[in-house]
Amino acid sequence: AATEILVCNFFANTVTRHNATSGELIAPLDPAGDIRGPLCVRLGPDGLLYVASEGNNSVKRFNATTGAFVDNFISGGPLTQPTGLAWDGAGNLFVGSFDQSAVLKYNATSGAFIATFVAPGQGTLSGADNGMTFGPDGNLYVPSYNNNRVVRYNGSTGATIGTFLGSVNRPRILEFRPEALYVTSETVASVRRYNPSTGATLSSFFTAGSGGLGTPVGMAFTNDNRLLVGSTTNNRIIAYNATTGALIGTFADASRGINGPTFITVIPGPAPATLFSLIALTFSRGR
């Protein structure tokens, strides 16, 4: 079972740790890490937490047990405005760059820059966002924030496959499940669902605005059949039944450190029932 829920709080410059059941605040990640505008937090293959810190152009690492700052794993060089983080099967780290509209590839052991995996603007990409993830087909899916689409790239070569989803206003988080691809869109106060193979529209998962949801960004499925969604207009995380979409209630709010929730991660993640199992989440940019 999950032991913690981590939330990127964009406006507070924090990543907070919460009890996975009650939502109670445990502590923020070590302030010595100097997180600025966090857009993604994921557990890496080395067991450390990785945070995309957009405001100071770095990817930072923290101890997953204690929350202590470890190092600036990537800083400077070609990296600017980091958003999404994803690892391929070989363990390479891929980082989305919002202002470059590109995806950069790094050595996951040393943090050394390897190559530009998706060139600036390639495949009409504009504003590579923090829900970037590898899909069950092994390809890379990148939210294109500025032009309202999700673009798919060959997961081995970076070659453009094409637009997978079009007309998704301000897409943020992508969550592949066996039955659907779940997407948060800043302009729709629900979670949208699409066919995970074809991209065909299925439905909204629950009634718009359920539980007070507004400007959804972060999103994560838990081990106990909940879907957590970040509501950035009122600084709360709202829980829904992951099967039916029925409202459960508020998981955490401003009194527990939530302030512009851009990404949610479950540690450890849900046990993989199928190859569709992945973890993803995140926020509204506020520019």
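Our subject in this report is the structure included herewith. (Residues numbered from 1 in each chain as written. Predicted model: local features only at pLDDT ≥ 70, side-chain atom pairs only at ≥ 80, totals over all residues. Heavy atoms only, no water.)

1. Overview of the overall build of the protein
Along the protein, the regular secondary structure elements total zero helices and 24 strands. Against the globule reference of 19 Å for 287 residues, the protein gives a C-alpha radius of gyration of 17 Å, in line with a compact fold. Oriented by its inertia axes, the alpha-carbon framework of the protein measures out at about 45 × 45 × 35 Å. Here the protein holds 287 residues, and the buried ones make up 53% of them. Carbon and sulfur atoms make up 50% of the accessible area of the protein, which totals about 10,100 Å². (Helix = DSSP H or I, 4+ residues; strand = E, 2+ residues; numbered from the N terminus. Rg over C-alpha atoms; globule rule 2.2 N^0.38 Å. Buried < 20%, exposed > 50% of the residue type's maximum accessible area, 1.4 Å probe, protein only. Areas by Shrake-Rupley, 256 points an atom, 1.4 Å probe, with all protein chains shown as cover.)

2. A short note on the pairing of strand β9 (residues 93–97)
Among the five residues that make up β9, five are buried, leaving the element largely enclosed by the rest of the structure. Pairing of strand β8 (residues 82–87) with β9, which is carried by four bridges, proceeds in the antiparallel orientation. By the bridge assignment for β9, leucine 85 is matched with valine 95. Hairpin connection from β8 to β9: five residues lie between these consecutive antiparallel strands, with glycine 91 at a positive phi of about 90°. (Pairing = 2+ DSSP bridges.)

3. What to know about the sheet that holds strand β7 (residues 69–75)
What the four strands build is an open sheet, ordered β4-β5-β6-β7; its pairing is antiparallel. Each edge of the open sheet is held by one strand with a lone partner, namely β4 (38–43) and β7. When the angles between neighbouring strand axes are averaged without regard to direction, this sheet yields 20°. As judged from the five bridges shared by strand β6 (residues 58–63) and β7, these two strands associate in the antiparallel manner. Along β7, the bridge assignment pairs arginine 61 with aspartate 71. (Axes fitted to C-alpha atoms, helices over the stretch in contact; angles between N-to-C directions.)

4. Section: the pattern of salt bridges
Where charged atoms from two side chains of opposite charge approach closely, those side chains can pair. Overall, the coordinates contain eight salt bridges when judged by the stated rule. With a closest N to O distance of 2.8 Å, glutamate 4 and arginine 17 form a salt bridge. Taken as a pair, glutamate 4 in strand β1 (residues 4–9) and arginine 17 in strand β2 (residues 14–19) lie far apart in primary sequence, 13 residues in all. Per residue, the accessibility class of glutamate 4 equals that of arginine 17, and both read buried. Where arginine 226 meets aspartate 224, a salt bridge forms, and the shortest distance between an N and an O atom there is 2.9 Å. Judged by relative accessible area, which is 10%, arginine 226 ranks as buried. (Salt bridge = Lys/Arg side-chain N within 4 Å of Asp/Glu carboxyl O.)

5. Observations regarding the packing of aromatic side chains
Aromatic rings in a pair are described by how distant their centres are and how their planes are angled relative to each other. Taken as a whole and assessed by the stated rule, the structure comprises 14 aromatic pairs. A centroid spacing of 5.5 Å and a plane angle of 85° characterise the contact between tyrosine 50 and phenylalanine 73, whose relative ring orientation is edge-to-face. Residue tyrosine 50 is located in strand β5 (residues 48–53), and its partner phenylalanine 73 is located in strand β7; the two are separated by 23 residues in the primary sequence. Overall, tyrosine 50 belongs to the buried group, its relative accessible area being 1%. Ring centres of tyrosine 106 and phenylalanine 113 lie 5.5 Å apart, and the angle between their planes is 65°; on these two criteria the pair is classed as edge-to-face. The exposure class assigned to phenylalanine 113 is partly exposed, which follows from its relative accessible area of 36%. The aromatic ring of phenylalanine 221 is capped on one face by arginine 177, whose charged end is 4.0 Å from the ring centroid. (Phe/Tyr/Trp six-rings, centres within 6.5 Å; stacked < 30°, edge-to-face > 60°. Lys NZ or Arg CZ within 6 Å of the ring centre and 35° of its normal.)

6. Observations regarding unusual backbone geometry
Following isoleucine 267, the chain continues into proline 268 via a peptide bond in cis, with omega recorded as -15°. One non-glycine residue, serine 101, adopts positive backbone phi at about 55°. Unusually for a residue other than glycine, threonine 124 sits at a positive phi of about 70°. In this fold, threonine 124 is placed in the loop between β11 (113–118) and β12 (133–134).

7. Considerations on the sheet that holds strand β14 (residues 149–153)
The strand order across the open sheet formed by four strands is β12-β13-β14-β15, and the pairing between neighbours is antiparallel. On the outer flanks of this sheet lie β12 and β15 (160–166), each paired with one strand and no other. Pairing of strand β13 (residues 140–144) with β14 involves five bridges; the strand directions are antiparallel. Residue pairing across strands places tyrosine 141 opposite arginine 152, the latter belonging to β14.

That is the geometry; function is a separate question.
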